[in-house]
Amino acid sequence: MAFESLTERLNKAFKNISGQGKLTEKNMDDMLREVRLALLEADVNYKIVKDFLVNVKDKAVGQEVYTSLNPSQMVVKIVHDELVALLGEKEAPLNFKESGMTVVMMVGLQGTGKTTSVGKITSLLKRKYNKHPMLIAADVIRPAAIEQLQTLGKEVGAEVFSLGIETPAVETVRQGLARAKESGADIVLIDTAGRLHIDDELMEELAQIKEIAKPDDILLTVDAMTGQDIINVAQAFHEKLNVTGLVVTKLDGDSRGGGVLSVRSITQVPVKFIGLGEKMEDLDVFYPDRMADRILG
Ligand code: GDP
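Going by an unreviewed UniProt entry, the protein carries the name Signal recognition particle protein and comes from Holdemania massiliensis. Under the heading Sequence similarities (unreviewed entry), UniProt records this for the protein: "Belongs to the GTP-binding SRP family. SRP54 subfamily." Reading the Catalytic activity (unreviewed entry) entry of the UniProt record for the protein gives the comment "GTP + H2O = GDP + phosphate + H(+)".

Asker: Which parts of the structure should I look at to understand the site of the ligand?
Answerer: Around the ligand, a shell composed of 18 residues is seen, among which Gly111, Lys114, Thr116, Asp252 and Glu278 lie nearest. A distance of 3.3 Å separates an oxygen atom of the ligand from a polar backbone atom of glycine 275. Between the ligand and glycine 277 there is a distance of 3.3 Å, counted from a nitrogen atom to a backbone nitrogen or oxygen. Protein contact buries 80% of the 580 Å² of open area that the ligand shows by itself. For the shell around the ligand, the per-class residue count stands at two nonpolar, ten polar and six charged.

Asker: Sorry, what's going on with helix α8 (residues 200-213) here?
Answerer: The end-to-end C-alpha distance of α8 is 20 Å, a good match for the 20 Å that 14 residues give at a rise of 1.5 Å each. Those residues of α8 lying buried are Leu202, Met203, Glu205, Leu206, Ile209 and Ala213. Seen from one end, α8 has its buried residues packed into an arc of 160°, which puts them on one side. Seen from the buried face of α8, the exposed residues on the opposite side, beyond 90 degrees, are Asp200, Glu201 and Glu211. Packing partners of the buried residues in α8 comprise β1 (102-108), β2 (133-138), α7 (169-183), β4 (187-192) and α9 (229-241). Where α8 begins, the capping side chain belongs to aspartate 199, and its oxygen is found 3.2 Å from the backbone nitrogen of glutamate 201.

Asker: How should the packing of helix α2 (residues 25-41) against helix α4 (residues 71-87) be read in this particular structure?
Answerer: Each pair of packed helices can be described by the angle between their axes along with the distance between the axes. Axis separation between α2 and α4 bottoms out at 11 Å; the angle between their running directions is 45°. As summarised for this structure, α2 and α4 are arranged oblique, according to the angle between their axes. Crossing geometry of α2 relative to α4 is assigned as right-handed. Residues Met28, Met31, Val35 and Leu39 of α2 lie in contact with α4, whose contacting residues are Ser72, Val75, Val79 and Leu83. Each residue belonging to the contact of α2 with α4 can be placed in one class, and the counts come to seven nonpolar, one polar and no charged.

Asker: How do you make sense of the packing of α7 against α8 when you look at a structure like this?
Answerer: Packing of α7 against α8 brings their axes to within 9 Å, and their N-to-C directions diverge by 20°. As judged from the angle between their axes, α7 and α8 are roughly parallel. With respect to the hand of their crossing, α7 and α8 are arranged in right-handed fashion. Here Ala169, Val170, Val173, Arg174 and Leu177 of α7 come into contact with α8, specifically with Glu205, Gln208, Ile209, Ile212 and Ala213.

Asker: Is there a simple way to think about the environment of serine 183 in this case?
Answerer: Within the element layout of this structure, serine 183 appears in helix α7. As for serine 183 and methionine 134, which are separated by 49 residues in sequence, their C-alpha atoms are 8.7 Å apart. Ignoring sequence-local partners within four residues, the contact set of serine 183 consists of Met134 and Glu159. At 3.0 Å, the side chain of serine 183 and the backbone oxygen of alanine 180 are in polar contact.

What counts, and at which threshold
- Residues numbered from 1 in each chain as written.
- Predicted model: local features only at pLDDT ≥ 70, side-chain atom pairs only at ≥ 80, totals over all residues.
- Heavy atoms only, no water.
- UniProt positions renumbered as here; feature names shortened; annotations may be inferred.
- Near = heavy atom within 4 Å.
- Polar contact = N/O pair within 3.5 Å; in protein donor to acceptor, adjacent residues only side chain to side chain.
- Areas by Shrake-Rupley, 256 points an atom, 1.4 Å probe, with all protein chains shown as cover.
- Nonpolar A, V, L, I, M, F, W, Y, C, P; charged D, E, K, R; others polar.
- Helix = DSSP H or I, 4+ residues; strand = E, 2+ residues; numbered from the N terminus.
- Expected span 1.5 Å × (residues − 1).
- Buried < 20%, exposed > 50% of the residue type's maximum accessible area, 1.4 Å probe, protein only.
- Arc of directions from axis to C-beta.
- Contact = heavy atoms within 4.5 Å.
- Axes fitted to C-alpha atoms, helices over the stretch in contact; angles between N-to-C directions.
- Parallel < 35°, antiparallel > 145°, perpendicular 65-115°, else oblique.
- Left-handed = near helix turned anticlockwise from the far one by under 90°.

Printed below as a string of structure tokens:
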């Protein structure tokens, strides 16, 4: 990655500081300027950066940073810890039902990796959790979506329920859930329709599916490569549906992932999984500390 890491930046800034070795309020500001640049470069939203810096400064001033032998390392540590806190501290598992069938609804704009993520999560559920998932193809807008899900279902070994594109999505979901219960599935994943932009019709359909399916989790896929736009999209979905988790896709690209921080801190919804490629095994549980390292570069 061509980014300069925050540690490098701070070391450089600290070398330029006169009076060697000691950190003062004045050169603390120089350091914070470097933190600010590093975060903006990582694509963190500027409003979030602003609040973040106030926090970091408060923490730094309150600690032994000023007497520390290596103040730039200390600042990096504070920044790192604050990022981890903002990213949610610990990994967030799916909301599995204690008994009975867990229902997961996947939502997101077209092209963000929604259908692919359904396949990947299914594969993970089978491999790591020994679950018996069933999939419902409720994207009746894009005909290829049903076939795509059927192909993925075959690949990962899960039944895919579909009534084709003629049946309304809500009806497909209703019948799909009945079929899943019959078949003894312990978890159902519903793939819903995405659009290129958020529109009322899409949101209404999703709200109806939510009403019927009563999902334990509503996962929103967001594409790490979309930059700042990620926030508006997530907000719109969250307002309408009360999303319970995020799946951030395409983190195998060269995005530093600052958008993840923005979307997490604005919605306050945990990131549950990250997508790291196009293959079915390219999915990982989200670990806030690893993400903080990535954002810091
Ligand atoms: P949907 O319209 O939201 O259902 O999106 P798809 O699941 O069809 O994915 C759109 C494209 O993104 C496909 O070419 C996927 O292979 C690709 N894709 C999905 N997730 C990832 C990911 O984590 N990394 C990469 N590199 N590509 C992904």
